[in-house]
Amino acid sequence: MLEAFTLPFMQRALLAGLLVGATASYFGVFVVQRRMSFLGSGLAHAALGGVALGLFLEAEPLFVALPFTVLIALLIAWVRERTELGGDTAVGIFFSLSVALGVVLLALKSEYAADAMAFLFGSILAVTPADLWAVALVALLSFLTLGVWGRWAYATFDRDLARADRLPVLLDDYLLTAMVAAVVVSAVKVVGILLVAAFLVIPAASARLFARTFAQMTIFSILFGLLGVVLGLVFSYLYDVPSGATVILVESAIFLLSLLVAPKT
Amino acid sequence: MEAAVEFEHVHVRYGSYAALLDVSLRIPEGAFVAIIGPNGAGKSTLLKLILGLLRPSEGEVRVFGRPALKVPAEWLGYVPQFKTLDRSFPALSIELVASGLRRRWPFRLTAREREAARSALRRVRGEDLAHRRLSRLSGGELQRVYLARAFVRGPRMLLLDEPATGMDVLGEADMYRMLEQYQRDHGATVLMITHDWEAARHHATHVLVLNRRVIGFGPPERALSDECLRRAFGHVGHPHELSFSVERRDA
């Protein structure tokens, strides 16, 4: 089994999986506590529009999808802030728009439809060096925003208390939304557009079952995310099944186990 | 005496709806002000203006002689309604108290923060609550933790939004004792929204009767006059007495 990880594509897969697993489950705690799960799902679908645009322009899909999805995320946050429409409505509108754009662009370049499928269902073993650079860039950005954890957590707990303490809550909201978008894009090659939302939410949900504090929830979530990736890759290699889906199945198993063994809250 | 809060012709409008109309007010520093008024009277809006959470549509709000948004956050201690708490957020009481000191959510408490938070909890007789989860606290216990959070930074002004909600009679009396003690020790100004006119009469130095406009402001005996109460509420009986009489009639 360990010999498999001497192969360059397996090393890339493991590294990409670990980086994306850690960042997605880190931001997942905010997504879960702010009840933004639908945003994760919507942004994953928005990423399809970005990937399609990248393929259409014959550029690296992830490097086009990254700014595209961040822009969509900021538009969603802006509409939510400026209007009385619910956040889910804004997500619904922009995610449909992006998917529609993706479908039209892929129809115009039908020779790339197979590449698009890799993003739809994930293909971690096909992670290219360029994909890995995109993942590393997002991981670096996530690392640079670690200092904002306390502000995001405070506003997650109570926006008014955070605002009364003069924190730039609105700016922080935009930053968080943009980072979630970036993480979602970096994860689509690993688990696929259809499963990215689960990748964000499940480790954080499992962590919530054990955590007494938000700091604990954050740490447990990252650990569960990493465990899901490692075990998922191993099972996927051993049984020759799709890796992205296997990672999600392992994370789901961790969640179900957590439900059984976590102290009743 | 310096004014803690000054409102000059303040209006707050949400579209065509006016939450506050032409409010002019001067609250002296060190006052204990009970703010009363019917639902939708603009009481919480008034606190939010002072905290800098809202900007007036017209007029000016000054706090300790400065525009509300320029007031250092540590000068103000805010106790929100405990009903607004998200009980799904995993947190310990000591973290909530320490957040008042750090103005961030703490990942890990320093020894100094831990001691300061414990000391604030002792002040509200809640030391045993320090390591309890917020989701497990009763309404009264939660109010004490919020109060400790407000005290921990030693603010010049306390702003409390219906702090007695969820408390029993003894807990309520205890809370007023703590507030008065803090006020004496720090010369602080206290602004408190309440529906309890009797508490306002007994504990406040000033009562502000609000119904989108200032109906009355001054010492309790003047502001709680029949005329002011009738203008604000349409009747002069205490709400508790009214609800009691309705229940008795229904029975």
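Refer to the structure printed above.
Let us look at the structure shown here. (Residues numbered from 1 in each chain as written. Chains lettered and ligands numbered in written order. Predicted model: local features only at pLDDT ≥ 70, side-chain atom pairs only at ≥ 80, totals over all residues. Heavy atoms only, no water.)

### What to know about the packing of helix H3 (residues 61-82) of chain A against helix H4 (residues 87-108) of chain A
Residues and elements named next belong to chain A. Note the cut-off: Fitted lines through C-alpha atoms serve as axes, helices being fitted only where they are in contact, and the angles separating the N-to-C directions of these axes extend from 0 to 180 degrees. Secondary structure elements are defined from DSSP: runs of H or I of at least 4 residues count as helices, runs of E of at least 2 residues count as strands, and each element is numbered from the N terminus. Every angle not falling under 35 degrees, over 145, or within 65 to 115 is termed oblique; those three ranges are roughly parallel, roughly antiparallel and roughly perpendicular. Two helices that cross are described as forming a left-handed crossing if the nearer one is turned anticlockwise from the farther one by less than a right angle, and a right-handed crossing if clockwise. Whether two residues are in contact is decided by their heavy atoms, any of which lying within 4.5 Å being enough. Three classes are used: nonpolar for Ala, Val, Leu, Ile, Met, Phe, Trp, Tyr, Cys and Pro, charged for Asp, Glu, Lys and Arg, and polar for all others, with Gly counted as polar.
For the pair H3 and H4, the least separation of the axes is 9 Å and the interaxial angle reads 150°. By the angle class used here, H3 and H4 are roughly antiparallel. When the axes of H3 and H4 are compared, the crossing they make is right-handed. Residues Phe68, Ile72, Leu75, Ile76, Val79 and Arg80 of H3 form the contact with H4, whose own contacting residues are Gly87, Ala90, Val91, Phe94, Ser98 and Leu101. Looking at the contact of H3 with H4 residue by residue, the class counts come to 9 nonpolar, 2 polar and 1 charged.

### Side note on the interface of chain A and chain B
Here is the rule: As a working definition, buried area equals the accessible area (1.4 Å probe) given up by two parts on being put together, with both sides summed. Criterion for a salt bridge: a side-chain nitrogen of Lys or Arg within 4 Å of a carboxyl oxygen of Asp or Glu. Two N or O atoms form a polar contact when they lie within 3.5 Å of each other; inside protein one atom must be a possible hydrogen donor and the other a possible acceptor, and for residues adjacent in sequence the pair counts only when both atoms belong to side chains.
With 27 residues of chain A at the interface, the matching set in chain B holds 35 residues. Taken together, both faces of the contact between chain A and chain B bury some 2,700 Å²; the carbon and sulfur share is 56%. When residues of chain A are sorted by the area they lose upon contact with chain B, Phe157, Arg166 and Arg212 of chain A head the list and together hold 29% of the total. Linking chain A to chain B there are 3 salt bridges. The residue Asp86 of chain B makes a salt bridge to Arg35 of chain A at a minimum N-O spacing of 3.5 Å. Where chain A packs against chain B, one counts 15 residue pairs in polar contact (both at pLDDT 80 or more). Secondary structure elements with two or more residues in the side of chain A that touches chain B: helix H7 (149-157), helix H8 (159-164) and helix H11 (214-239) of chain A. In terms of residue count, H7 of chain A provides more of the side of chain A that touches chain B than any other element does, 7 residues in total.

### What to know about the nonpolar core
Convention followed: Put simply, a nonpolar core is a bunch of buried Ala, Val, Leu, Ile, Met, Phe, Trp, Tyr and Cys residues held in one set by side-chain atoms that sit within 4.5 Å of each other. For every residue, the accessible area (1.4 Å probe, protein chains only) is compared with the maximum for its type, and the residue is labelled buried under 20%, exposed over 50%, or partly exposed between those bounds.
Within the largest apolar cluster, 173 residues are counted, with the highest numbers of intra-cluster contacts made by Phe30 of chain A together with Phe7, Trp105 and Met157 of chain B. Ranked by the residues each element gives to this core, the list is headed by helix H9 (residues 169-191) of chain A, at 14 residues.

### Some points on the packing of aromatic side chains
To be explicit about the condition: Here is the rule: rings of Phe, Tyr and Trp (six-membered ring for Trp) pair when centre to centre is within 6.5 Å. Planes less than 30 degrees apart are stacked, more than 60 are edge-to-face, and the remainder are tilted. A positively charged side chain is recorded as over a ring if its NZ (Lys) or CZ (Arg) lies within 6 Å of the ring centre. The angle to the ring normal must also be within 35 degrees.
Per the stated rule, a full pass over the model turns up 18 aromatic pairs over all chains. Ring geometry for Phe214 of chain A and Phe89 of chain B: centres 4.8 Å apart, planes at 20°, overall stacked. Placement of Phe214 of chain A in helix H11 and of Phe89 of chain B in the loop between strand S6 (76-79) and helix H2 (93-102) is noted, with the two residues assigned to different chains. No difference in accessibility class separates Phe214 of chain A from Phe89 of chain B, as the two residues are buried. Chaining the aromatic ring pairs together yields one cluster made of Tyr26, Phe27, Phe30, Trp149, Trp152, Tyr154, Phe157 and Phe214 of chain A together with Phe89, Trp105 and Phe107 of chain B. Stacked on the ring of Phe56 of chain A, the Lys or Arg Lys109 of chain A has its end atom at 5.9 Å from the ring centre.

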